[in-house]
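Spelled out from the first residue to the last, the chains are:
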Amino acid sequence: MDSSLPILSLSAAAVASAAAVFPKLQARLALSRAKHRSLAGHSKMSKMVARLLPHYEFDIDGFFRSDGAPGNVAMQRQDAFFRLACLYEERYAKGRQMTTEAAVHSSDLQFTETYRVPFQYSRLVRENLGTGAFMQSSAGVTVTDVDGNVFYDLTGSYGVNIFGNDFYKECITEAEKRAHALGPVLGPYHPVITDNVQRLCEISGLDEVSFHMSGTEAVMQAVRLARYHTKRSHLVRFAGAYHGWWGDVQPGVGNPVSPHETYTLADMSERTLHVLRTRRDIACVLVNPLQALHPNANAPGDSALVDSSRKGNFDRAAYTEWLQKLREVCTERGIVLIFDEVFVGFRLAAKGAQEYFGVRADMVTYGKSLAGGLPVGVVCGRKDLMRRFRDDRPADVCFARGTFNSHPYVMTAMDEFLSRLASPNFNAVYQGLDETWNGRAEALNARLAANDLPVRVSNISSIWMVQYTEPSRYNWMLQYYLRAEGLALSWVGTGRLIFSLNYSDTDFAAVADRFVAAAGKMKADGWWWHDAALTNKGIRRQILKEMLTRKRLR
């Protein structure tokens, strides 16, 4: 009897230990299952893969036939490439020269010029199809470069330009007049701030406001306040979503340090809702409404166009339902729901994504267009979440400051923007907005289909993305044909076409004509030739084979 006691004690201890460990294992498994299965959902794996990728580039022959094209097609492409290069050299001479000289000391230009296309093709493209980074003027929906070339502007100034460049010029001009008397005096507030705060509370439906220098800073402060008030450590972001370049919201490639208090989960997933319901360490959930166009996928730059698998599809009803579920769970669990509207704020509706989707957040961040064309970041939040100190503990504070926060010129430009936004006549721009831009996208897609071109567009209102219907390794070439037709693109190329809302039907018709012409010329030059057996999966396998070969040769 006595000899069996130690065995029973050990067995009981084992059972107790297993009982304690089992819930943790369950929680860990649930967390793993809630991550999206792509690299966008697995930050550690994405960084490991990035470290393993070898650099290699094609020689002149491989460049034009990396998809197995026959010799005559490769020669057709080569002739077209250098013909286009001659046009660029002649048409953009001054801008290219200025860009080359500036890039010697500008790390920003070095990065953007290198990452316009997949790295295997980058050097030859940079040498022959280098783009000018300098513009000298804007008017209406066009911009003019330093060589005098006029382009229809599809850059949207990375989201800033909602109502047209002329609109923002007016805001800045009037703001300068109003701020001139005080000048760049920092610390004291310009009186206009009181109006700005009141309007922002009305727009957001929230209680308090704080100002910052950028959208990135605004998101940083919103997350910090959420952690401070919930006394929880972790934030949830969704796979592929962008919230600025600071560490906690960029846990994968591009961040030298791996965040330890960030969960990257799948968008529009019941498994994600389960994790939110069951974990006790989640302070906040960040939502970038732009992800409704391509849930769980990274920002679609042309440098990632290794095949034709990029797709976008905006389902407003489905995304609205998802946000409603998210709102319910966050309310139930005391998790702070943050809408990051730095990019889409004021573009979808006068009161932003909250109005557009009919879902209220606990905190909202704004930026870009809000300051009438000048840099700004704003956090709007519930009163209990915005407080940065505790009355009963004087040393327990949530510190946040910035030298240029509430700059007089920024604040007066913001007041100009908000005053115009509040005008009933101006507000009419939002009436029928989706119908207008969805109709334009459908019309362009119909023309592309009628001309048998393997290109389509998807959109969320006036934010568009280009996608491709046939397997190809050369889709990234379209951006150079589009620029040659007088369409200005940002450095991410066809990944983002951002229209200002002052595009008339006539303006858009001209853009559509040029878009179809560019795609037609690209097809005629052989870039979209492909063997009947070529598939996107086959392309990816070929790229893997190329990489393994380079690794063995090292």
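For the structure itself, consult the block above.
So, a few notes on the structure that sits alongside this text. (Residues numbered from 1 in each chain as written. Predicted model: local features only at pLDDT ≥ 70, side-chain atom pairs only at ≥ 80, totals over all residues. Heavy atoms only, no water.)

### So, the layout of surface pockets
Under the convention used in this document: Throughout, the protein atoms alone are placed on a 1 Å grid, and a set of points is a cavity if a 1.4 Å probe fits but cannot get out or a pocket if it is open with protein on both sides within 12 Å along at least five of seven lines; lining residues have an atom within 4 Å of a point. Grid points are joined across faces, edges and corners, and a volume is the space filled by probe spheres set on the points. Only runs of H or I of at least four residues qualify as helices and only runs of E of at least two qualify as strands under DSSP, and these elements are numbered from the N terminus. Residues are grouped as follows: Ala, Val, Leu, Ile, Met, Phe, Trp, Tyr, Cys and Pro are nonpolar; Asp, Glu, Lys and Arg are charged; every other residue, Gly included, is polar.
What the second largest pocket holds in volume is close to 630 Å³. Every residue lining the second largest pocket is counted, 31 residues in all, and those nearest its centre are G132, A133, M135, T155 and L489. For the lining of the second largest pocket, the elements supplying multiple residues, two or more each, are helix 6 (107-114), strand 1 (135-139), strand 2 (142-145), strand 3 (150-153) and strand 15 (487-488). Its residues assigned to classes, the lining of the second largest pocket shows 14 nonpolar, 10 polar and seven charged.

### Observations regarding unusual backbone geometry
Convention followed: Remark: exposure states derive from per-residue accessible area (1.4 Å probe, protein chains only) relative to the maximum for the residue type, with buried under 20%, exposed over 50%, and partly exposed in between.
The residue S157 is not glycine, and still its phi comes out positive at about 50°. Its place among the elements puts S157 in the loop between strand 3 and helix 8 (165-179). The class of S157 is partly exposed, set by a relative accessible area of 31%. The phi dihedral of N296 falls on the positive side, at around 65°, and the residue is not glycine. Residue placement: N296 occurs in the loop between strand 7 (282-287) and helix 12 (316-333). For N296, a relative accessible area of 10% gives the class buried.

### Let's talk about the sheet that holds strand 16 (residues 497-498)
To keep things clear, this is the line we draw: For two strands to pair, DSSP has to find at least two bridges joining them. Contacts were defined at the residue level, with two residues in contact if any of their heavy atoms lie within 4.5 Å. Simply put, an axis is a line fit to the C-alpha atoms, just over the touching stretch for a helix, and the angle between two N-to-C directions goes from 0 to 180 degrees.
Judged by pairing direction, the sheet is antiparallel, and its three strands sit side by side in the order 13-14-16 without closing on themselves. Two strands lie at the open edges of the sheet, namely strand 13 (455-460) and strand 16, each paired on one side alone. Relative to strand 13, helix 17 (residues 433-450) is tilted by about 170°, and along the sheet it contacts strand 13 and strand 14 (463-468). Of the strands in this sheet, strand 13, strand 14 and strand 16 are in contact with helix 19 (residues 505-524), which crosses strand 13 at around 145°.

### Quick word on the pairing of strand 7
Regular strands show a simple pattern: their side chains alternate between the two faces of the sheet. Counting buried positions along strand 7 gives six out of six residues, so the element sits mostly inside the fold. Relative to strand 7, strand 5 (residues 234-238) is paired through three bridges, and the arrangement is parallel. Note that in strand 7 the partner of V236 across the bridge is V285. The pairing of strand 7 with strand 8 (residues 336-340) spans four bridges and is parallel. Across the sheet, V285 pairs through a bridge with L337, a residue of strand 8.

### A look at the sheet that holds strand 3
The strand order across the open sheet formed by four strands is 1-2-3-15, and the pairing between neighbours is mixed. Edge positions in the sheet fall to strand 1 and strand 15, since each of these pairs with one other strand and no more. Relative to strand 15, strand 3 runs parallel, the two sharing two bridges. Of the residues in strand 15, the one forming a bridge with D153 is A488. Lying over the sheet, helix 8 contacts strand 1, strand 2 and strand 3, oriented at roughly 100° with respect to strand 1. Sheet strands touched by helix 19: strand 3 and strand 15. Its angle to strand 3, the strand with the most contacts, is close to 105°.

### Examining the pattern of salt bridges
Stated precisely, the cut-off is as follows: Each salt bridge in this description consists of a side-chain nitrogen of Lys or Arg and a carboxyl oxygen of Asp or Glu lying within 4 Å of one another.
Going through the model one piece at a time under the given rule, you end up with 32 salt bridges. One salt bridge connects R382 with D384, and the closest N-O pair in it is separated by 2.7 Å. A relative accessible area of 44% means that D384 is categorised as partly exposed. Each of the salt bridges in this network shares a partner with another, and the network as a whole consists of E170, R178, R199, D415, E416 and R420.

### Quick notes on the packing of helix 17 against helix 19
Spelled out, the test is: Each angle is binned into one of four classes, with values under 35 degrees roughly parallel, values over 145 roughly antiparallel, values of 65 to 115 roughly perpendicular, and all other values oblique. Left-handed describes a crossing whose near helix is turned anticlockwise from the far helix through less than a right angle; right-handed describes the clockwise counterpart.
Two numbers describe how helix 17 lies on helix 19: the axes approach to 10 Å, and their chain directions differ by 30°. For the element pair helix 17 / helix 19, the angle class is roughly parallel. Viewed along their axes, helix 17 and helix 19 form a crossing whose handedness is right-handed. Taking contact as the criterion, the partners of W437, R440, L444, R447 and L448 in helix 17 are, on helix 19, D505, F508, A512, D513, F515, V516 and A519. A class-by-class count of the residues in the contact of helix 17 with helix 19 yields eight nonpolar, no polar and four charged.

### Focus on the pairing of strand 3
In this structure, strand 2 lies alongside strand 3, joined through three bridges in antiparallel fashion. Counted as the bridge partner of T142 is Y152 from strand 3. Hairpin connection between strand 2 and strand 3: a loop of four residues separates the two successive antiparallel strands, and G148 in this loop has a positive phi of roughly 90°.

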